[in-house]
Amino acid sequence: MTVLDNRAAATEAGTGETRDPRDPRTRLEILFDEGTLRLLAPADLSGVLTGVGRVEGTPVVAFASDPRIQGGAMGADGCEHIVHAYDTAVRERVPIVGLWHSGGARLAEGVESLHSVGRVFAAMTRASGVVPQISVVFGPAAGGAAYGPALTDLVILSEQGRIFVTGPDVVRSVTGEEVTMARLGGPEPHSRRSGVVHVVTPGDDEAFAVARRLSVLLGHQGRVRPGDVAEVDFSPLLPENPRRAYDVHPLVDGVLDEPGVELHPKWAPNIVTVLGRIGGRTVGVLANNPMRLGGCLDATSAEKAARFVRMCDAFGVPLVVVVDVPGYLPGVGQEWDGVVRRGAKLLHAFAEATVPRITLVTRKAYGGAYVAMNSRSLGATRVFAWPTAEVAVMGAVAAVRVLHRRTLAAAPEEERAALEASLAAEHEKVAGGLDRAIELGVVDEIVMPEKTRGAIARVLAQTTPARGAHGNIPL
Amino acid sequence: MAEVHAEMVGSVLEVVVAEGDVVGGNDVLIILESMKMEIPVVTEEPGVVSKIEVAEGDVVQEGDLIAVIDHV
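Residues numbered from 1 in each chain as written. Chains lettered and ligands numbered in written order. Predicted model: local features only at pLDDT ≥ 70, side-chain atom pairs only at ≥ 80, totals over all residues. Heavy atoms only, no water.

*Asks:* Talk me through the overall build of chain A; I want residue IDs and the actual numbers.
*Replies:* Scanning chain A for helices and strands turns up 19 helices and 16 strands. Its C-alpha radius of gyration of 25 Å places chain A within 12% of the 23 Å reference for a compact globule of 475 residues. Dimensions of chain A, computed from C-alpha atoms along their principal axes, come out at roughly 95 × 60 × 35 Å. Per-residue burial for chain A yields a buried fraction of 55% across its 475 residues. When contacts within chain A are restricted to residue pairs at least 6 apart in sequence, long-range pairs at least 24 apart make up 72% of them. Roughly 20300 Å² of accessible area belongs to chain A as shown, and the carbon and sulfur atoms make up 56% of that amount. Of note, chain A has its 49 positive side-chain charges centred 3 Å away from the centre of its 54 negative side-chain charges. (Helix = DSSP H or I, 4+ residues; strand = E, 2+ residues; numbered from the N terminus. Rg over C-alpha atoms; globule rule 2.2 N^0.38 Å. Buried < 20%, exposed > 50% of the residue type's maximum accessible area, 1.4 Å probe, protein only. Contact = heavy atoms within 4.5 Å. Areas by Shrake-Rupley, 256 points an atom, 1.4 Å probe, with all protein chains shown as cover. Lys, Arg positive; Asp, Glu negative; His and termini not counted. Charge placed at Lys NZ, Arg CZ, Asp CG, Glu CD.)

*Asks:* Mind laying out the side chain of Ser102(A), listing which residues take part and the relevant values?
*Replies:* Residues and elements named next belong to chain A. Position of serine 102 relative to the elements: it lies in strand β4 (residues 96–102). The class of serine 102 is buried, set by a relative accessible area of 1%. Within the structure, serine 102 has its side chain in polar contact with the backbone nitrogen of glycine 104 (distance 3.1 Å). Excluding anything up to four places from it in sequence, serine 102 contacts Ser65, Gly71, Gly72, Ala73, Met74, Pro140, Ala141, Ala142 and Ala145. (Polar contact = N/O pair within 3.5 Å; in protein donor to acceptor, adjacent residues only side chain to side chain.)

*Asks:* Break down the sheet that holds strand β7 (residues 59–60) of chain B for me, citing the residues and quoting the values.
*Replies:* Either a parallel or an antiparallel arrangement is found when strands of a sheet pair, and the pairing is made through backbone hydrogen bonds. All names here are of chain B. Strand order in this open sheet of 4 strands is β5-β4-β2-β7, and the pairing throughout is antiparallel. Each having just a single partner strand, β5 (37–42) and β7 make up the two edges of the open sheet. Of the strand pairs in this sheet, strand β4 (residues 28–34) and β5 are connected by 6 bridges, and their pairing is antiparallel. Directly across from serine 34, in β5, lies its bridge partner methionine 37. (Pairing = 2+ DSSP bridges.)

*Asks:* Give a description of the interface of chain B and chain A that names residues and reports values.
*Replies:* Facing the 12 residues of chain B at the interface are 18 residues of chain A. Interface area, chain B with chain A, both sides summed: about 1400 Å², of which 56% is carbon and sulfur. A per-residue breakdown of the area chain B buries against chain A is headed by Met35(B), Met37(B) and Glu38(B), which together make up 42% of the total. Our enumeration of links across chain B and chain A arrives at 5 salt bridges. There are 8 residue pairs in polar contact (both at pLDDT 80 or more) connecting chain B and chain A. Of all the secondary structure elements, the ones that give two or more residues to the side of chain B that touches chain A are β4 and β5 of chain B. (Buried area = accessible area lost by both parts, 1.4 Å probe. Salt bridge = Lys/Arg side-chain N within 4 Å of Asp/Glu carboxyl O.)

*Asks:* Pulling in residues and values, what's your account of the environment of Ser11(B)?
*Replies:* All names here are of chain B. Checked against the element boundaries, serine 11 lands in strand β2 (residues 10–15). Here serine 11 falls in the partly exposed class, since its relative accessible area comes to 24%. Remark: the alpha-carbon pair of serine 11 and proline 46, spanning 35 residues in sequence, is separated by 25 Å. Among residues more than four places away in sequence, those in contact with serine 11 are Ile31, Leu32, Glu33, Asp58 and Val59.

*Asks:* Quick one: what's the story with the sheet that holds strand β3 (residues 22–23) of chain B, residue by residue and with numbers?
*Replies:* Residues and elements named next belong to chain B. As summarised here, the arrangement of the 4 strands in space is β1-β8-β6-β3, forming an open sheet in which the pairing is antiparallel. Each of the sheet's edge strands pairs with one partner strand only, and the pair in question is β1 (2–5) and β3. Where β3 and strand β6 (residues 47–52) come together, 2 bridges link them in antiparallel fashion. Its bridge partner lying in β6, valine 23 is registered against glycine 47.

*Asks:* Mind laying out unusual backbone geometry, listing which residues take part and the relevant values?
*Replies:* Notably, Arg93(A) is not glycine yet its phi reads approximately 55°, a positive angle. Tracing the chain through its elements places Arg93(A) in the loop between α3 (76–92) and β4. We classify Arg93(A) as exposed; its relative accessible area is 55%. If you check the backbone angles, Asn26(B) has positive phi at about 70° while not being a glycine.

*Asks:* Outline the layout of surface pockets, supporting the account with residue identities and numerical values.
*Replies:* Of the pockets and cavities examined, the second largest pocket occupies roughly 420 Å³. Lys364(A), Tyr366(A), Gly395(A), Met35(B) and Lys36(B) are the residues nearest the centre of the second largest pocket, which is lined by 18 residues in total. For the lining of the second largest pocket, the elements supplying multiple residues, two or more each, are β13 (357–366), α14 (367–372) and α15 (396–403) of chain A. Top element by residues in the lining of the second largest pocket is α15(A). It accounts for 3 residues. For the lining of the second largest pocket, the residue count by class is 9 nonpolar, 4 polar and 5 charged. (1 Å grid on protein atoms, 1.4 Å probe; cavity = no way out; pocket = protein on both sides within 12 Å on 5 of 7 lines; lining within 4 Å. Points joined across faces, edges and corners; volume = space filled by probe spheres on them. Nonpolar A, V, L, I, M, F, W, Y, C, P; charged D, E, K, R; others polar.)

*Asks:* Describe in detail the pairing of strand β12 (residues 319–325) of chain A, supporting the description with residues and values.
*Replies:* Residues and elements named next belong to chain A. Most of β12 is tucked away: 7 of the 7 residues are buried. Two strands pair when backbone bridges link them, and strand β11 (residues 281–288) and β12 are joined in this way by 4 bridges, in the parallel orientation. Across the sheet, residue valine 285 finds its bridge partner in β12, namely valine 320. Remark: the β11/helix α11 (residues 299–314)/β12 crossover connection has right-handed handedness. Relative to β13, β12 runs parallel, the two sharing 6 bridges. Of the residues in β13, the one forming a bridge with valine 320 is isoleucine 358. (Right-handed = clockwise from strand over helix to strand, strands pointing away.)

*Asks:* Account for the environment of Tyr370(A), naming residues and giving values.
*Replies:* All names here are of chain A. Secondary-structure assignment places tyrosine 370 in helix α14. On the basis of relative accessible area, tyrosine 370 is assigned to the buried category, the value being 17%. Expressed as a C-alpha distance, the spacing of tyrosine 370 and glycine 327, which sit 43 residues apart in the sequence, is 7.3 Å.

*Asks:* Please provide a residue-by-residue account of the nonpolar core, values included.
*Replies:* Judged by nonpolar contacts, the single largest core of 65 residues is most densely connected at Ile156(A), Leu214(A), Leu263(A), Leu275(A), Leu286(A) and Leu346(A). If we skip the residues at most four places from it in the chain, Leu286(A) touches Ile271(A), Val272(A), Thr273(A), Ala305(A), Phe308(A), Val309(A), Leu319(A), Val320(A), Val321(A), Val322(A) and Phe350(A). (Core = buried A, V, L, I, M, F, W, Y, C linked by side-chain atoms within 4.5 Å.)

*Asks:* How would you explain the confidence of the model for chain B if you had to name every residue and give the values?
*Replies:* Residues of chain B with pLDDT of at least 70 account for 100%, and the chain-wide mean is 94. This complex was scored by the predictor with a pTM of 0.92 and an ipTM of 0.89. (pLDDT = per-residue confidence, 0-100.)

*Asks:* Requested: an account of the confidence of the model for chain A, with residues and values cited.
*Replies:* When pLDDT is averaged along chain A, the result is 93, and 96% of the positions lie at 70 or above. Note on residues 1–14 of chain A: pLDDT is under 50 here. Beyond four places in sequence and across chains, it has 10 contacts.

In C-alpha cells form, the structure reads like this:
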C-alpha cells in the first residue's frame, strides 16, 4: 500500500503531460476544481479510488475505477470504498459522481465479489432521490459495472465507453453471433436504441465537462431572479402554416438563460428533455418536438419523459412543460409496445410531482396527450397558452366528422364541405378553443410569446419550493 | 452512404430534392403528411442524393426507405 502511495505521489509531482489518463487519481483531479481533491481512503489495490472535492465551488463526492488493476474489476475492498463514498454523499447531502472503467465483478473473488457488487447496488438505491447520482463511463463497463451506472440518475458515455451485460466473447460462445464491443454497447446503440445513456460525448474532456455541469445544475440550483430574465420574442420560431412541423430546440434554448444539457437527445427525440437555468435557477424543460413523429407521444417518449419528471421532482427541480402535441401515436406497433402501460408512467409521474410545474401550450394540445403533458387536471401549478394555442379532444373538423357523421352523410355532396366548416366553427365555440379552456380553468392565462420568459420566471419566484419524497427508479 | 427511412406512417406530400442534388446537414428531403401535420424529413449529414425511393402521393410505412445519401 505504501509503495503504491509513493508511486501516485511521484507521478503527481511530474508535469501535467506525464499523468496517466487512466489513473483514477488523474480522473478525480480533472473532475474537481484544481487542488480540491481529498481522498476518502488511501490508494490501494482494491481497484477503486474515492474522494471529495468541489465543482465550481459546489461540494461533490466521487469514486473512480482503476483500470490498471485487474481491468478495474470490482472486489470486496473496492466495493466497500464505493459504499463508504455513498454513505458520505448521503450524510453530507451532496451529489456523487462515479467514473467507470471496469470489467465487472472480480472473478478471482467468486461469490464474495458478487455479494459486494450487490451491496453497491443497494447503496445506490438507498441514495436514489436523496442525492443526485451521475455516472461517467470511459471504458468498458461490463456486468456489475454496467448495472452500477444504470441505477444512477444520469449516465454519460465517452466515445470509448462500452456498456453491456455480457461481452463479445460470451455472446459468441452462446449465440454464435460475431459482434464488436462498440455494436454491443457503444455510443451508437446506447444513444439511439437502449436509452441507457443520457449524454454521449466525443471524448473524455467533454465527458468531464458535462459531468461537472450536471453536478452544479443539481448540486447548486440557485434562486430565480426575475429581474435578470430578458424577454425573447418567440413568435418567429413557429411556422406560419399551423400544420407545418418545426424543430423545438431553438424555443427550448431560448426559454433558458443559455442552452442547457439535453438528456437522451437521440432516443425518443419526439420529446425533448433538458436541464438548464431560468433567471439563474435550475429547471427541467420538457417539450414535444413536432419535427420528430409530428411531436406525438409514444411508448418510448412517455417513458423517457416520466423518468425525467420523477428525477426533477426527487431533487426539487421545477418543471417547464412546452406543449405542442397532436396526440398519441396510433398503431399496432405502439399498442404492442405497451403505449398504455408506458404512457401511464407519464400520467403517474406528473400527477405525483410536488415541484412547481408550469405548462406552456404553444400550438396543439389534443386528446390524451393533452392530459399527459402536465395538464391542470394532473396538478399543473400554472398553465399558460400562446394566442395560437388550441386545446381540444381533437381538431374541430375531425370532431364533427365523428359527431355529425349521419348529418354530413345525408347532406347533398355539393353542400357537405360548407356544412362541415360551419359545424366545425360551432363545435370549436362550444367544445374547444382557448376561451372555453380559460372558462373551465384548465388554462390560466394567455401570454404573448414576447412576454413568456418573464411570466415563467415570476411563477418560479412566487411558488414555494417543494420536493417529491420518492426515489428515482430507472423507468 | 446513409439510408433515410420513414419514422412513421404517412403520405408523401412533396418531394423537395431530386436525385443528384447536393444536400447539407438538416436539409429537407421530402415532406410527409401524417397526424394531420406536414412533417419535413431531413438529412443528418451532408452528401449527394443518390436515390429517392418515393413519389408524391405514395403512402409509406414506418421503416420504409425514403432516400439514399452518399457522403462525399
